[in-house]
Amino acid sequence: MEIEILSEEGNPLLHRDEVQFEITHDEATPSRLSVRDSLAATLDKNSDEVVVRSLDTKFGMRKTVGYAKVYESPDAAIDVEQSHMLERNKIEADAAEEAEAEE
């Protein structure tokens, strides 16, 4: 899976960058979590700071266009994002595990 960043726009008020990207893949459309992990690695961020909002694959194509929000910290994501998007991206579970590990 190859990720190409199409555009990246900063949003300092909400402590995030908004990223549009294109994925070239060999198999079926990759899962949201595998895209999140790959995008986080590409942007040199932690995966719990990345919220993948949408993935759009045209029928029969091996390219997917997506939109994600990359936050400065997991807490910033939890404060701003809707609960269903946090659940889809498994951010609440990751942040809770890290908080327990620090104690």
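Residues numbered from 1 in each chain as written. Predicted model: local features only at pLDDT ≥ 70, side-chain atom pairs only at ≥ 80, totals over all residues. Heavy atoms only, no water.

- As recorded in an unreviewed UniProt entry, the protein chain goes by the name Small ribosomal subunit protein eS24, listed as coming from Halarchaeum salinum.
- On record in UniProt, under Sequence similarities (unreviewed entry), the comment for the protein chain is "Belongs to the eukaryotic ribosomal protein eS24 family." (UniProt positions renumbered as here; feature names shortened; annotations may be inferred.)

**Points about the nonpolar core**
Argument step 1. Listed in full, the twelve residues of the largest apolar core are Ile 3, Val 19, Phe 21, Ile 23, Val 35, Leu 39, Ala 40, Leu 43, Val 50, Val 52, Ala 68 and Val 70.
Argument step 2. A total of four residues in this core trace back to one element, the largest contributor, which is helix 1 (residues 32-43).
Argument step 3. Counting residues in hydrophobic clusters, the runner-up holds seven residues, among them Val 51, Ala 77, Met 85 and Ile 91. (Core = buried A, V, L, I, M, F, W, Y, C linked by side-chain atoms within 4.5 Å. Buried < 20%, exposed > 50% of the residue type's maximum accessible area, 1.4 Å probe, protein only. Helix = DSSP H or I, 4+ residues; strand = E, 2+ residues; numbered from the N terminus.)

**Examining unusual backbone geometry**
Argument step 1. One non-glycine residue, Asp 44, lies in the positive phi region at around 60°.
Argument step 2. Accessibility expressed as a relative area gives 71% for Asp 44, which makes it exposed.
Argument step 3. The phi torsion at Lys 90 lies on the positive side, around 55°, for a residue other than glycine.
Argument step 4. With respect to the element layout, Lys 90 can be found in the loop between helix 3 (83-88) and helix 4 (91-102).

**Topic: the sheet that holds strand 3 (residues 50-57)**
Argument step 1. As summarised here, the arrangement of the four strands in space is 1-2-4-3, forming an open sheet in which the pairing is antiparallel. The open sheet has two free edges, formed respectively by strand 1 (2-11) and strand 3, since each of these has just one partner strand. Taken pair by pair, the neighbouring strands of this sheet meet at an average axis angle of 20°, ignoring direction.
Argument step 2. Contacting strand 1, strand 2 (16-24), strand 3 and strand 4 (63-71), helix 1 runs over the sheet at an angle of about 120° to strand 3. (Pairing = 2+ DSSP bridges. Axes fitted to C-alpha atoms, helices over the stretch in contact; angles between N-to-C directions. Contact = heavy atoms within 4.5 Å.)

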